[in-house]
Number of protein chains: 2
Amino acid sequence: MPAEPPKPTARRTRLTPEREAELYEAVLEILREVGYDALTMDAVAARTHSSKATLYRQWKGKPELVASALRHNKPLSLADIDTGTVRGDLQAMVCRSDKDRMEKDAALMRGLQRAIHSNPDLHRALRELLIEPELAGLDAVFRRAVARGEVAADTPALDFVGHMMLGAFVSRPLVEDRPADAEYLTRYIDAVIVPALGL
Amino acid sequence: MPAEPPKPTARRTRLTPEREAELYEAVLEILREVGYDALTMDAVAARTHSSKATLYRQWKGKPELVASALRHNKPLSLADIDTGTVRGDLQAMVCRSDKDRMEKDAALMRGLQRAIHSNPDLHRALRELLIEPELAGLDAVFRRAVARGEVAADTPALDFVGHMMLGAFVSRPLVEDRPADAEYLTRYIDAVIVPALGL
């Protein structure tokens, strides 16, 4: 059996990915328990046996810590997906999310929607750390599709890829009163996004 | 000049459309001023010089009164629209909403989103009195389109017409941080909905 790789040297400005994942998990746990307004950096420090100084050094403050935790936990991820077709990439993105997790996340997001209205800092952090990187990932999928000639560069629907994906997510609870699961998103991709792109 | 038509006889169970419109406008005014939780039937009765008994007789309670007021004021309306094409119907629907009004409505809806989480009765009333009738109107547009042969009856996107329209609305603030206005909705209809339906 090969020897374990040496642990990365702990630097003042970097946590190990494992430690970071632990911290993020604890943040989401506390968020589910008490909501954004009642979540304190003290509670995160206590739950994770870390110092508040570490938390503030690593993240600017509570909005950034929460937004980073959500990004770490994000239900849709495009990182490392490159199946060779747009349809394959989108399906891979929605199929990796399991139903229990998505329902848990949906509850979390509903709580956060409420908090966003009274916390402009949280709103800004969510945009910068969660929504914009996701949109950039989606953009990369479609730049590749255009580059390989799968989608014509002047397809009007290319301007609305983020709107279609996010719209699919948020509209299902409104229209059908149930969360957007992988089965629904798969049907939506085939019925709406694929034909809108002329594929 | 022709004589004015006789006023409809006031019946215990019916308000005139004008009186109803006045009441709804007052409800929205109060809603914008104080929010859902602080809105009381007493305040509505005082502002509109009506009795609480009338309000309760006409609407079951506060959630139903608020949902009916929103429906009366709805930014998208399909009633009486029948231009002969799907594209024409959808464009007519979004073009009749002016920008100021939509921004005012967007602020109202954000406030209500918050209230929905803690008021299941409001949630139910909004579904029954606002969302479902709108979806039924949209459905009628597409039933006509299928009947006249404009859209094939087995087009998969027909199952997602409500999701596409509502998704266009709610996703723009998330993706672009600005409200969905008529110009944007017009582009979305042409870029996404029209090609998704194979038109």
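Residues numbered from 1 in each chain as written. Chains lettered and ligands numbered in written order. Predicted model: local features only at pLDDT ≥ 70, side-chain atom pairs only at ≥ 80, totals over all residues. Heavy atoms only, no water.

## Quick look at the packing of aromatic side chains
At step 1: This structure, assessed with the given rule, holds eight aromatic pairs over all chains.
At step 2: Considering the side-chain rings of Phe160(A) and Tyr184(B), the 6.0 Å spacing of their centres and the 55° angle between planes classify their relative orientation as tilted. In this pair, Phe160(A) is assigned in the loop between helix 7 (120–147) and helix 8 (161–176) and Tyr184(B) in helix 9 (residues 182–196), connecting two distinct chains. Both residues of the pair, Phe160(A) and Tyr184(B), belong to the buried class.
At step 3: Three or more aromatic residues joined by ring pairs make a cluster, and in this case those are Phe160(A), Tyr184(B) and Tyr188(B). (Phe/Tyr/Trp six-rings, centres within 6.5 Å; stacked < 30°, edge-to-face > 60°. Helix = DSSP H or I, 4+ residues; strand = E, 2+ residues; numbered from the N terminus. Buried < 20%, exposed > 50% of the residue type's maximum accessible area, 1.4 Å probe, protein only.)

## Considering the environment of Lys62(A)
Residues and elements named next belong to chain A.
At step 1: When you line up the elements, lysine 62 lands in helix 4 (residues 62–72).
At step 2: The contacts of lysine 62, once residues within four sequence positions are left out, are Tyr36, Asp37, Leu39 and Met41.
At step 3: Here aspartate 37 takes part through its backbone oxygen, which lies 3.4 Å from a polar atom of the side chain of lysine 62. (Contact = heavy atoms within 4.5 Å. Polar contact = N/O pair within 3.5 Å; in protein donor to acceptor, adjacent residues only side chain to side chain.)

## Some points on the UniProt feature "DNA-binding region" (unreviewed entry) in chain A
At step 1: The positions UniProt marks with the feature "DNA-binding region" (unreviewed entry) are residues 40–59 of chain A.
At step 2: Along residues 40–59 of chain A the backbone is 75% helical and 0% strand, and the end-to-end C-alpha distance reaches 14 Å. (UniProt positions renumbered as here; feature names shortened; annotations may be inferred.)

## Considerations on the interface of chain A and chain B
Many structure descriptions define interface size as the accessible area lost when the parts assemble.
At step 1: Counting from both sides, the interface comprises 31 residues of chain A and, opposite them, 31 residues of chain B.
At step 2: Taken over both partners, the interface formed by chain A and chain B buries close to 2,800 Å², and the fraction arising from carbon and sulfur atoms is 69%.
At step 3: Linking chain A with chain B are two salt bridges.
At step 4: A salt bridge links Arg127(B) to Asp177(A); the nearest nitrogen and oxygen atoms lie 3.9 Å apart.
At step 5: On the surface where chain A and chain B come into contact, there are eight residue pairs in polar contact (both at pLDDT 80 or more).
At step 6: Looking at the side of chain A that touches chain B, the elements that each hand over two or more residues are helix 6 (99–118), helix 7, helix 8 and helix 9 (182–196) of chain A.
At step 7: Of the residues belonging to the side of chain A that touches chain B, the class tally is 17 nonpolar, seven polar and seven charged. (Buried area = accessible area lost by both parts, 1.4 Å probe. Salt bridge = Lys/Arg side-chain N within 4 Å of Asp/Glu carboxyl O. Nonpolar A, V, L, I, M, F, W, Y, C, P; charged D, E, K, R; others polar.)

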